[in-house]
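Survey of secondary and tertiary structure
Here is how the chains run, residue by residue.
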Amino acid sequence: MLCSISNALRYLTLRHVSRPVNTQLLHTIMRTMTSKAKATPTPVETHRVVRDGQEFTEVREGLARILNPVSAKSDAQKNSKGDEEVQKVFYNPIQQFNRDLTVLAIKAYGEDVIAKRKKFNENKMNKKRKRTTEGDERPQKQGKPVIGGGEVPEAVYGAANPVDATAMDTTEDNVDAVCDDAKDKKKPETHSTGTAEEPSEQATGTTNTEEQPQDGTHQRKPLPPPFTILDALSATGLRALRYVQELPFVTSVTANDLTPSAVEAIKRNAQHNGVESKINATQSDARAHMYSLISEEVAREHEANPKRFRRAPPSKKYDVIDLDPYGTAATFFDAAVHAVRDDGGLLCVTCTDSGVWASHGYSEKAFALYGGIPVKGFHSHEAGLRLIINALATSAARHGLAIEPLLSLSIDYYVRIFVRVKKSPASVKFLAGKTMIVYSCDQGCGAWETQMLLRNRKVPNNKGSGMFYKHGLSMGPTSDQFCQHCGSKMHLSGPMYAGPLHSADFIKSILDELPNASKEVYGTTTRIAGMLNTALEEMCLPPPPDNTPKHQDDELAALEPYPFYFHPSYLAGAIHCECPDEDSFRGALRGLGYEVTRSHCKPGSIKTNAPWSVIWHVMREWIRQKAPVREDKLKENSAAFRLLRLGDRSASEERSKVKVDSEVDKLEVVFNKGLGQDKSKKGLVRYQMNPKENWGPLSKAKGH
Ligand SMILES: [Zn+2]
């Protein structure tokens, strides 16, 4: 019993707190919609405050307020108009979109997880009551309990966190004992911010576990289910401050930074916001902090002894880990997949090094960091997202962990990716078949082809009673060395992730709650709505027909059927013609029976299920019908010359390997503007123009 108490106390120390968020205030704010919609972040409110005899500038964002010493060094820059523009290292207002989006994404994720855990606990309690009523005093069976006769989903009852659900069951005897034990040890409240190793007394939740009614009866107040977040590279603690104040279900946030001055700032800001009981400020290398959980996991599993019905102490893995570094987050991937819950924990990843993953300038560096070669061309940012997701997926796969991208956005100069992590060696088997090489005509017409590293195929089992997925080899290159449309060189990129970039359900859950978010707190909701709606529309292209019987693993094998996008101006540039307007081009493809949407990555992008042979046929028809070109000006061996099928046709085909599809050439193309318009979603702010001149990542903070 003593062991059980001490283990549970450790659990409470790290996961529960004494001061609840003012949920009523939060609720009021979330429901308040008073300000006019704005496409740009809410202007940052700043003013001077004096604290402990020192003067600070206070900056407000969301419900958080952060203090910056007035003496802090600033990077003064001159913009093109000559006005002095001061960008302080400690706060970048451009990233408010990232932070607003992350708070709302964690809210959608967390509420879903909490609801599932609550349902699981209720079912468990009902069974316990039923047994008690029936007089059945036999001990519970070990192993996973069941809900409704079926196996409990891993998201509810995880492989590596088998005791968390029971630990949060506040009616369990051991937790009650801990409450009593903790109450006895209660000390006067202090304002020091605890650390992971030495949590403050406030962080134990001892003052929030019980209440004494005036009638003298003794009632226990349920503990909130634990929900912990790691802000791994916290700097001033702004994200951590927003999480604990804007997400009522969050019980603890660990705000970690490498530098003593940052940790000092985190503690100061936590006190300034009155949330020091919920924030554990730790000074450590983020990787060291995350890897430290491995040894704790080993010890935890060692303490568990199923034969003696002995429970392991609760896992300290985080529900959510936020990686928001300056530059690449790739160096943190391996540690992060170890430290996040493996029953569906959430990783939030930012990478700002677009010069590496979205260009050909540093291909060798991109391979070193992300294990793949970037794509050159208009669609390079989606390829960058896929490279980074592949790096995450392979880091996780080494440990039997599978990732599921929930939302993957290319935003301005960086990417923000939300993935769910789950222990599932069976799912990991599908990864190679969801990883692709890309062949790109990056010097000619911009066409691409893709090829999976393995093939996930459904085949009949030996008994003939059903199907199973086989992970077979792929054949040689699907592309020639030269482009089949223009004869230019094809270049190789990848390997990169080939599955869906988003979960439609996850995006919808954020969008559903968006109207309830106060525009005063979340200044970027207009842009969030535009970008998420566009991301959702990316997923509307119908997959190719599949005549095989449905299988339970179909979702695991799912590929993005039509990755990437192009811009009509890129095509027009390849054949030196006037650029078709977006509506006419979309109308032409739709008139031929193809679906057309757009990518959130780039304004003006066209994403379609039409093959490149059809796309180039449409462009040839555009020239013939609408925008003739001076053919005599085109060089004989140029891509434009071949794309327009000029000169001696048979000789041209032989020389350049250009293939001609005579059936496609017969298609009648009509440039119907009306058919190309999307009237239903007018008014959405799909893409943001640069908010101000000379903007982008700020100077790298010292010590990072
Ligand atoms: Zn080409």
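What this report covers is the structure whose coordinates are included nearby. Nothing here was measured: the structure is a model prediction, and the numbers come from that model. (Residues numbered from 1 in each chain as written. Predicted model: local features only at pLDDT ≥ 70, side-chain atom pairs only at ≥ 80, totals over all residues. Heavy atoms only, no water.)

1. Overview of the overall build of the protein
- Secondary structure assignment for the protein yields 23 helices and 23 strands.
- Burial status across the protein gives 53% buried among its 704 residues.
- In the protein, of all internal contacts separated by at least 6 residues, the share reaching a separation of at least 24 is 72%.
- When the accessible surface of the protein is split by element, carbon and sulfur atoms take 52% of a total near 32500 Å². (Helix = DSSP H or I, 4+ residues; strand = E, 2+ residues; numbered from the N terminus. Buried < 20%, exposed > 50% of the residue type's maximum accessible area, 1.4 Å probe, protein only. Contact = heavy atoms within 4.5 Å. Areas by Shrake-Rupley, 256 points an atom, 1.4 Å probe, with all protein chains shown as cover.)

2. Examining the coordination of the zinc ion
- Summarising the metal site, the zinc ion is bound by the protein donors Cys-441 (SG), Cys-445 (SG), Cys-483 (SG) and Cys-486 (SG), whose distances to it range over 2.2 to 2.4 Å.
- Classification of the site at the zinc ion as tetrahedral follows from its four donor atoms and the range of 92 to 118° in their angles at the metal.
- Motif for the zinc ion, donor spacing along one chain: C-x3-C-x37-C-x2-C.
- On the basis of relative accessible area, Cys-441 is assigned to the buried category, the value being 1%. (Donors = N, O, S within 2.8 Å, 3.2 Å for Na, K, Ca; no water. Tetrahedral: all angles 85-135°; square planar, octahedral: opposite > 155°, others 65-115°.)

3. Quick word on the nonpolar core
- By size, the foremost hydrophobic cluster in this structure holds 98 residues, and its most contacted members are Met-290, Leu-323, Phe-333 and Leu-347.
- With 10 residues, helix α12 (residues 380-397) is the single largest residue contributor to this core.
- Counting contributing residues per domain, this core is built from domain 1 (1-34 + 98-138 + 153-207 + 222-351 + 502-539) and domain 2 (568-676), each supplying no fewer than three.
- Apart from the residues lying within four places of it in its own chain, the contact partners of Leu-347 are Ile-321, Ala-336, Val-337, Val-340, Leu-392, Ile-417, Phe-418, Val-419 and Val-421. (Core = buried A, V, L, I, M, F, W, Y, C linked by side-chain atoms within 4.5 Å. Domains from an automatic or database assignment.)

4. Comments concerning the state of the cysteines
- Going through the model one piece at a time under the given rule, you end up with zero disulfides.
- Here Cys-579 stays unpaired: no disulfide links it, and the sulfur of Cys-577, its closest cysteine neighbor, is 7.4 Å away.
- Exposure remark for Cys-579: the relative accessible area of 33% places this residue in the partly exposed category. (Disulfide = S-S within 2.5 Å.)

5. Things to note about the sheet that holds strand β18 (residues 448-452)
- In spatial order, the strands read β18-β17-β21; together these three strands make up an open sheet with antiparallel pairing. Of all strands in the sheet, those bounded by a partner on one side alone are β18 and β21 (491-497). Pairwise comparison of adjacent strand axes, ignoring direction, gives a mean angle of 25° for this sheet.
- Sheet topology note: the strand β17 (residues 435-440)/β18 ladder contains five bridges and is antiparallel. Bridged to Val-438 within β18 is Thr-450. (Pairing = 2+ DSSP bridges. Axes fitted to C-alpha atoms, helices over the stretch in contact; angles between N-to-C directions.)

6. Quick notes on helix α7 (residues 260-273)
- Here α7 is 14 residues long and its end C-alpha atoms lie 20 Å apart, about the 20 Å a rise of 1.5 Å per residue gives.
- Within α7, burial applies to Ala-262, Val-263, Ala-265, Ile-266, Arg-268, Asn-269, Ala-270, His-272 and Asn-273.
- Gly-274 sits one or two positions beyond α7 and adopts a positive phi of about 70°. (Expected span 1.5 Å × (residues − 1).)

7. What about the pattern of salt bridges?
- This model, assessed by the stated rule, comprises 39 salt bridges.
- Ionic pairing is found between Arg-99 and Glu-61, a salt bridge with its closest N-O pair at 2.6 Å. Here Arg-99, found in helix α3 (residues 96-133), pairs with Glu-61, found in strand β2 (residues 54-61); they are 38 residues apart in sequence, far enough to count as distant. Residue Arg-99 shares its accessibility class with Glu-61, and that shared class is buried.
- For Asp-665, the salt bridge is made with Arg-620, and the minimal N-O distance between the two is 4.0 Å. Separated by 45 residues along the polypeptide, Asp-665 in helix α22 (residues 662-665) and Arg-620 in helix α19 (residues 612-625) bring together distant segments of the chain.
- We classify Asp-665 as partly exposed; its relative accessible area is 26%.
- Residue classification places Arg-620 among the buried positions, given a relative accessible area of 16%.
- Each of Glu-537, Glu-582, Arg-586, Arg-590, Arg-598, Asp-678 and Arg-686 takes part in a single network of salt bridges with overlapping partners. (Salt bridge = Lys/Arg side-chain N within 4 Å of Asp/Glu carboxyl O.)

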